[in-house]
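Geometric and topological summary
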Amino acid sequence: MNNVYVRGNTSIKSISLTRLFLVIPLIIYGFYKNGVFLYMNNYIGLLEMFKPLILILIGAFLGAIVNIIYEYIIKRRKEGLINTIFSSFHVEYGVIVACISSINTNILAFTICIFFIFLISKFLNNRINIMSVTFIAIYSIITLKNPYIFENIYELSKNFSLNFMDYLTGRAAGGIASTHIFLLVVALIGLHISNTNKGEITIYTCISYALPAIIYAIIRHINVIDILFLNNYMFIFTFVATDSVTSCYTTNGKKVYGILIGVLTFGFYFINPILAPFISIIVTSLLNNLIDRKVGVFSNKTSQIKGE
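The structure contained in this document is the topic of the report that follows. Numbering of residues begins from 1 in every chain and follows the order in which that chain's sequence is written. The model is predicted, so local features are restricted to residues of pLDDT at least 70 and side-chain atom pairs to those at 80 or more, both for listing and for counting; the totals for chains, interfaces and linings are taken over all residues. Values shown for side chains rest on all heavy atoms present in the structure; no hydrogens or waters enter the calculation.

**Considering the side chain of threonine 246**
With respect to the helices and strands, the residue threonine 246 is situated in the loop between helix H14 (233-240) and helix H15 (251-269). Only protein chains enter the accessibility calculation, which uses a 1.4 Å probe. A residue is then buried if its area is under 20% of the maximum for its type, exposed if over 50%, and partly exposed in between. Its relative accessible area of 1% is what places threonine 246 among the buried residues. In the analysis that follows, any N or O atom pair within 3.5 Å is treated as a polar contact, provided that within protein one partner can donate a hydrogen and the other can accept it, and provided that, for residues neighboring in sequence, both atoms belong to side chains. Only 2.5 Å separates the side chain of threonine 246 from the side chain of aspartate 243, close enough to count as a polar contact. Where helices and strands are cited, they refer to DSSP runs of H or I of at least four residues and of E of at least two residues respectively, numbered from the N terminus.

**Re the pattern of salt bridges**
We define a salt bridge as a contact between a side-chain nitrogen of Lys or Arg and a carboxyl oxygen of Asp or Glu at a distance within 4 Å. Applying the stated rule across the entire model yields five salt bridges. When the shortest N-O distance is used, the salt bridge between glutamate 71 and arginine 77 registers 3.0 Å. By relative accessible area, glutamate 71 is classed as buried at 7%. As a salt-bridge pair, lysine 254 and glutamate 200 come within 3.3 Å of each other at their nearest N and O atoms. Placement of the pair is lysine 254 in helix H15 and glutamate 200 in helix H12 (residues 199-220), with a sequence separation of 54 residues. Look at lysine 254 and you get buried, because its relative accessible area is 1%. For glutamate 200, a relative accessible area of 26% puts it in the partly exposed group.

**Considering the nonpolar core**
Residues grouped as a nonpolar core are buried Ala, Val, Leu, Ile, Met, Phe, Trp, Tyr and Cys residues, joined through side-chain atoms within 4.5 Å. Counting 82 residues, the largest nonpolar core has Phe110, Phe135, Tyr209, Tyr233, Met234, Phe235 and Phe239 as its most contacted members. With five residues, the next largest nonpolar core counts Phe31, Val36, Leu38 and Ile44 among its residues.

**Concerning unusual backbone geometry**
Residue asparagine 42 is not a glycine yet carries a positive backbone phi of 60°. Within the secondary structure, asparagine 42 is located in the loop between helix H2 (12-40) and helix H3 (46-49). Since its relative accessible area comes to 71%, asparagine 42 is described here as exposed. At histidine 221, a residue that is not glycine, the phi angle is positive and equals roughly 60°.

**Considerations on the packing of aromatic side chains**
The geometry of two aromatic rings is summed up by the distance between their centres and the angle between their planes. For Phe, Tyr and Trp, rings pair up if their centres lie within 6.5 Å, where Trp contributes its six-membered ring, and each pair is then called stacked (planes under 30 degrees apart), edge-to-face (over 60) or tilted (otherwise). Taken as a whole, this structure holds 22 aromatic pairs when the rule is applied. When the centroid spacing of 6.0 Å and the interplanar angle of 50° are considered together, the rings of phenylalanine 164 and phenylalanine 229 count as tilted. Separated by 65 residues along the polypeptide, phenylalanine 164 in helix H10 (residues 164-168) and phenylalanine 229 in the loop between helix H13 (224-228) and H14 bring together distant segments of the chain. Judged by centre distance (5.0 Å) and plane angle (80°), the ring pair of tyrosine 216 and phenylalanine 270 falls under edge-to-face. Pair noted here: tyrosine 216 is in helix H12 and phenylalanine 270 is in the loop between H15 and helix H16 (276-285), with a separation of 54 residues, a long-range link. Following the ring pairs from residue to residue traces out a cluster consisting of Phe135, Tyr139, Tyr148, Phe150 and Phe278.

Here it is, written out as structure tokens:
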């Protein structure tokens, strides 16, 4: 009962809809920043203005389609359409992957990666964080021809010196709907109130990443804010690392899980800052059951010793 919404009676549909609802303000801001603002200032055309929403809708649609194909065609189950669409978290996964993707993402590559990886994931028994795998696949395809950059066309045309308030209000470059830190904090509070998020993972991941990052920034005399709010990290720690299925569920397991992701992310940062959190989450998600078992055994032994 350490995670009621995963191990209890709360449905996948209610969890997904709650989490998606809390992402809506971030999506609205992302649509403005990467669509409306650019169109109003003559950087893009009318159709391009809707690209942020198109990517998000494609992600949600493909998540639903994969569930329908798997349940109706492969498993030959006869459930209601809505229950089938939300038979797994793939609709949510599709939206989150879109939120953390660059506005420069090729729509065809995005569509192909999500469809095939999501479909394959249905046969993997939820053993790996699919959002991380999908983003890495999208990143890999795009970087075959061009560097993967988060800056939109306006951000590429200017030289910015961002302060702390700029990061809080989403002015930094990042995924199409993942840069507004203030709105992210509001979403995190909503997730906690609704009990639809493993908040311990987010907290311990942020702390275990922030501490070495701050020390490193002080030693190297670089801007610590840039490291802390780099490339969607806070959003990833909130919505990707806490995947309901592939993360730990015991109280102490979630703490260890979060610490491992944070420490690994800092280490992988020096290899590839964009992929660092995703690689860390994949590695740790593969160990989630082991962590829960080992931490549980250790906790029980500690309790017995104290009892004696």
